[in-house]
Amino acid sequence: MVDFEAMEKQKKELIPLCACPQCPSWIECKEKGGFCFESIGKSKCIKEENGCICGGCPVTQKAGLHNRYYCTRGSEKQLSK
Ligand code: SF4
Ligand code: SF4
């Protein structure tokens with residue numbers, strides 16, 4: 001089970017590790033990624049799923065995330081319901 005509270009508390013340190021800007025689905029529009037966080041959630045710009053590299057992101061490992069495509073599908077918490 002992901003500790004969502006701890007994840008949000010570490011947000012400042014974790015967001016810079018987000019791999020989304022290197023992802024083939026990424027659309028440059030002044031977003032910073034971190035779509036797996038409850039407080040961020042879906043992207044307003046990314047609409048097409050052209051591959052997801054969340055699996056290789058350090059945040060997936062550190063927080064123990066289970067899902068993919070947070071940009072189009074919603075945060076880990078949302079997808080865990
Ligand atoms: S798991 Fe995905 S959405 Fe979350 S920080 Fe990493 S690359 Fe970004
Ligand atoms: S959530 Fe996954 S698919 Fe979306 S931009 Fe990040 S790495 Fe790519």
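Please read all numbers here as calculations on a predicted model, not as lab measurements.

Caption draft 1: Highlighting the site of ligand 1. The local shell around ligand 1 consists of Cys18, Ala19, Cys20, Gly34, Phe35, Cys36, Cys54, Cys57, Val59, Thr60, Leu65 and Tyr70. In a pocket analysis with a 2 Å cut-off to the grid points, ligand 1 is assigned to the largest cavity. When grouped by side-chain class, the residues that make up the shell around ligand 1 number 10 nonpolar, two polar and no charged.

Caption draft 2: Local environment of the packing of aromatic side chains. Across all of its chains, the model carries one aromatic pair by this definition. Aromatic side chains Trp26 and Phe35 sit 6.3 Å apart centroid to centroid with 40° between the ring planes, which places their arrangement in the tilted category. Each member of the pair, Trp26 as well as Phe35, is classed as buried.

Caption draft 3: A look at the state of the cysteines. Counted under the stated rule, the structure contains one disulfide. A sulfur-sulfur distance of 2.0 Å marks the disulfide that ties Cys29 to Cys45. Negative torsions about the S-S bond denote left-handed disulfides, and the value of about 95° found for Cys29 with Cys45 makes this one right-handed. Of this pair, Cys29 sits in the loop between helix 2 (11–14) and helix 3 (58–63) while Cys45 sits in the loop between helix 2 and helix 3; the two residues are 16 residues apart in sequence, bridging distant segments of the chain.

Caption draft 4: Layout of the nonpolar core. Judged by nonpolar contacts, the single largest core of 21 residues is most densely connected at Met7, Phe35, Cys36, Phe37, Val59 and Leu65. Going through the elements one at a time, helix 1 (4–9), helix 3 and helix 4 (70–73) are the ones with two or more residues in this core.

Caption draft 5: A look at the site of ligand 2. Cys20, Cys23, Ser25, Ile46, Gly51, Cys52, Ile53, Cys54, Tyr69, Tyr70 and Cys71 make up every residue found near ligand 2. One can see that ligand 2 is located within the largest cavity. Classifying every residue of the shell around ligand 2 gives nine nonpolar, two polar and no charged.

Caption draft 6: Structural detail: the environment of Lys44. Relative to the elements of secondary structure, Lys44 occurs in the loop between helix 2 and helix 3. Given a relative accessible area of 72%, Lys44 falls into the exposed group. Residues Lys44 and Ile15, spaced 29 residues apart in sequence, show a C-alpha to C-alpha distance of 17 Å.

The rules behind these values
- Throughout, residues of each chain are indexed from 1 in the direction in which the sequence is written.
- Chains carry letters from A onward and ligands carry numbers from 1 onward, assigned in written order.
- Residues qualify for local features only when their pLDDT is at least 70, as the model is predicted, and side-chain atom pairs are given and counted only at 80 or more; totals for whole chains, interfaces and linings, by contrast, use all residues.
- In computing side-chain values, all of the structure's heavy atoms are included and hydrogens and water are not.
- For each residue, the test is whether any non-hydrogen atom lies within 4 Å of the molecule or strand; if one does, the residue is near.
- Residues are said to line a cavity or pocket when one of their atoms sits within 4 Å of a point; the points come from a 1 Å grid over protein atoms alone, cavities being sets where a 1.4 Å probe fits but cannot get out and pockets being open sets with protein on both sides within 12 Å along at least five of seven lines.
- If over half the atoms of a molecule are within 2 Å of the grid points of a cavity or pocket, the molecule is regarded as sitting in it.
- Throughout, the ten residues Ala, Val, Leu, Ile, Met, Phe, Trp, Tyr, Cys and Pro are labelled nonpolar, Asp, Glu, Lys and Arg are labelled charged, and all others, Gly among them, are labelled polar.
- Each aromatic pair joins two rings of Phe, Tyr and Trp (for Trp, the six-membered one) with centres within 6.5 Å, and gets the label stacked for planes under 30 degrees apart, edge-to-face for over 60, and tilted for any other angle.
- Only protein chains enter the accessibility calculation, which uses a 1.4 Å probe; a residue whose area is less than 20% of its type maximum is buried, one above 50% is exposed, and one in between is partly exposed.
- Cysteine sulfur atoms that come within 2.5 Å of each other are treated as a disulfide pair.
- Helix numbers and strand numbers start at the N terminus; a helix is a DSSP run of H or I with at least 4 residues, a strand a run of E with at least 2.
- Nonpolar core, defined: a set of buried Ala, Val, Leu, Ile, Met, Phe, Trp, Tyr and Cys residues in which side-chain atoms within 4.5 Å join the residues together.

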